[in-house]
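Listed below, chain by chain, are the residues.
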Amino acid sequence: MNPQRRVRVFVVDDSATVRNILSSELARDPEIEVVGTAPDPFVARDKIILLKPDVLTLDIEMPRMDGLAFLRKLMHYYPMPVIIVSSLTPQGGEVALEALHAGALDVVCKPGAAYSVGDLSIDLADRIKTAARVDVRRFTNAARDVAPAPACLTMTRTTNKVVAIGASTGGTEALATVLTALPPSAPGIVIVQHMPEFFTRSFAERLNQMCAIEVREAKDGDVVGPGRALLAPGNYHLLLQRSGAVYKVQVKSGPLVNQHRPSVEVLFKSTARFAGKNAVGVILTGMGADGADGLKAMHDAGAKTIAQDEDSCVVFGMPKEAIARGGVDSIVPLNHVAEKIMVLAE
């Protein structure tokens, strides 16, 4: 895309109020142009072909044809960057996960009690500008289908080992790829994936069904142990703590860090402090720089660190920043990250 041209955005939502809010708020960004809106997929279909937007924002609960069915058709016949704008509900979280698997790049919540219009517009504008640079044809479902865990991944020494993983845009599929390839004897894992509240619980439950390890949304005081992965709840920071030889997590509120809550930075810096050389840090696909300084802190504390390589990233933002700051020991393709974790955690 020409860097001098504004990002052309098309908004699909059955609520006229939401369409107006998104259109007016996004129009405040001088790098974005809202080229059109539609109340449902049937209207959107013809307008998208005519207007050729760079990015689509899509509601997933609409009459006549739901957004998920439309997304699947769109990614098959006319693939383009799509950001889901969903209601903040457990049911919405589950459907949003289906949308991410179907090819959507990201998900944000509609403005409401938990997310102000101002916060949403800034966050959504940043995500739209990042999405416009993604070649979605490289990341079809066929290419992203999760392979079964390789039988060769084994580990016998897991005492006092912790793996901290951070991810953002594209991270749901990347995490599925990594976690499903780990054996039940894998070291304890703590994860921050940039996702809204409720969505993380659905995501953890889905991963738990797919993986040989236990995966669940973290609760304050949970023990980090072999064969278990704890995912930061949406809208809460996740920190690693240590009590004697036992690692636990702290789940807490607090200000946004690097515009995020949960923040990868917060997790990595606490892991550097309490685990040091007994940790492995992993930074996966995502926009921005969240976690780059934290991974450097882990590296300086003696931890082994991994970054996903550019070719396998949906967005090579967070890994790129971590590499540039000197905090990365190994740069590996996504399908080799699990294997590298097991080697470094021995």
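Residues numbered from 1 in each chain as written. Predicted model: local features only at pLDDT ≥ 70, side-chain atom pairs only at ≥ 80, totals over all residues. Heavy atoms only, no water.

1. A short note on the overall build of the chain
In step 1: Each helix and strand in the chain was counted, giving twelve helices and 15 strands.
In step 2: Within the span of the chain, comprising 346 residues, buried residues form 55% of the whole.
In step 3: Look at the contacts in the chain between residues 6 or more apart in sequence, and 74% of them connect residues 24 or more apart.
In step 4: Split by element, the accessible area of the chain, about 14300 Å² in all, is 51% carbon and sulfur. (Helix = DSSP H or I, 4+ residues; strand = E, 2+ residues; numbered from the N terminus. Buried < 20%, exposed > 50% of the residue type's maximum accessible area, 1.4 Å probe, protein only. Contact = heavy atoms within 4.5 Å. Areas by Shrake-Rupley, 256 points an atom, 1.4 Å probe, with all protein chains shown as cover.)

2. As for the sheet that holds strand β4 (residues 82–86)
In step 1: Ordered in space as β2-β1-β3-β4-β5, the five strands form an open sheet in which the pairing is parallel. Since the sheet does not close on itself, it has two edges, and those belong to β2 (32–38) and β5 (106–109), each with one partner. For this sheet, the mean inter-axis angle between neighbouring strands, taken without regard to orientation, is 25°.
In step 2: Taken together, the six bridges between strand β1 (residues 7–12) and β2 define a ladder with parallel strand orientation. By the bridge assignment for β2, V7 is matched with I32.
In step 3: Helix α3 (residues 67–77) rests against β3 (55–58) and β4 of the sheet, and its axis sits at about 160° to β3. (Pairing = 2+ DSSP bridges. Axes fitted to C-alpha atoms, helices over the stretch in contact; angles between N-to-C directions.)

3. Here's the deal with the sheet that holds strand β6 (residues 162–167)
In step 1: Spatially, seven strands are ordered β8-β10-β7-β6-β13-β14-β15 in an open sheet, and the strand pairing comes out parallel. Either end of the sheet is taken by a strand with one partner, and the two such strands are β8 (214–217) and β15 (330–332). Strand-to-strand, the axes of this sheet are offset by a mean angle of 20°, without reference to chain direction.
In step 2: Sitting on the sheet, helix α10 (residues 292–300) touches β6, β13 (279–283) and β14 (304–308), and the angle it makes with β13 is about 155°.

4. Concerning empty space enclosed by the protein
In step 1: Within the structure shown, the criterion is met by four cavities of 30 Å³ or more.
In step 2: Taken as a whole, the largest cavity spans an internal volume of roughly 60 Å³.
In step 3: Looking at the largest cavity, the residues that line it are L100, L105, D106, V107, S168, T169, G170, G171, T172, Q193, H194 and M195.
In step 4: Those elements giving two or more residues to the lining of the largest cavity turn out to be β5 and α7 (171–179). (1 Å grid on protein atoms, 1.4 Å probe; cavity = no way out; pocket = protein on both sides within 12 Å on 5 of 7 lines; lining within 4 Å. Points joined across faces, edges and corners; volume = space filled by probe spheres on them.)

5. A few points about the environment of F139
In step 1: Position of F139 among the secondary structure elements: in the loop between α5 (117–131) and α6 (141–144).
In step 2: Take F139: its relative accessible area is 13%, and that puts it in the buried class.
In step 3: Sequence separation between F139 and P79 is 60 residues, and the spatial gap between their C-alpha atoms is 10.0 Å.

6. Quick notes on the nonpolar core
Across soluble globular proteins, nonpolar side chains have a tendency to be buried as a group.
In step 1: Counting residues in hydrophobic clusters, the biggest one holds 85 residues, and the most contacted among them are L56, L179 and L284.
In step 2: Leaving out residues up to four positions away in the same chain, L56 has contacts with F10, V12, I48, F70, L74, M80, P81, V82 and I83.
In step 3: Of all hydrophobic cores here, the second largest spans 28 residues; its members include A164, A218, V251 and A303. (Core = buried A, V, L, I, M, F, W, Y, C linked by side-chain atoms within 4.5 Å.)

7. Quick look at helix α9 (residues 264–274)
In step 1: Within α9, eight of the eleven residues are buried, which leaves the element mostly enclosed by the surrounding structure.
In step 2: Along α9, the positions that sit buried rather than exposed are V264, E265, V266, L267, F268, S270, T271 and A272.
In step 3: Packed against the buried residues of α9 are β6, β7 (188–193), β11 (237–243), β13, α10 and α11 (318–324).
In step 4: The residue sitting at the N-terminus of α9 and contributing the capping side-chain oxygen is S263; that oxygen lies 3.1 Å from the backbone nitrogen of E265. (Polar contact = N/O pair within 3.5 Å; in protein donor to acceptor, adjacent residues only side chain to side chain.)

8. Let's talk about the pattern of salt bridges
In step 1: Going through the model one piece at a time under the given rule, you end up with 17 salt bridges.
In step 2: Ionic pairing is found between R206 and E94, a salt bridge with its closest N-O pair at 2.6 Å. One end of the pair, R206, is in helix α8 (residues 199–210); the other, E94, is in helix α4 (residues 90–102), with 112 residues separating them in the sequence.
In step 3: We note a salt bridge from D222 to R216, for which the minimum N-O separation is 2.7 Å.
In step 4: Accessibility expressed as a relative area gives 10% for D222, which makes it buried.
In step 5: The network of salt bridges with common partners includes R72, E94, E98 and R206. (Salt bridge = Lys/Arg side-chain N within 4 Å of Asp/Glu carboxyl O.)

9. Things to note about α8
In step 1: For α8, spanning twelve residues, the distance from its first C-alpha to its last is 17 Å, which sits close to the expected 16 Å at 1.5 Å a residue.
In step 2: Of all the positions in α8, only F199, T200, S202, F203, A204, R206 and L207 are classed as buried. (Expected span 1.5 Å × (residues − 1).)

10. Some words on the packing of α9 against α10
In step 1: Taken N-terminus to C-terminus, the directions of α9 and α10 make an angle of 10°; their axes are 8 Å apart at the nearest point. When the axes of α9 and α10 are compared, the pair comes out roughly parallel. Residues E265, F268, K269, T271 and A272 of α9 form the contact with α10, whose own contacting residues are A292, D293, G294, L295, A297 and M298. (Parallel < 35°, antiparallel > 145°, perpendicular 65-115°, else oblique.)

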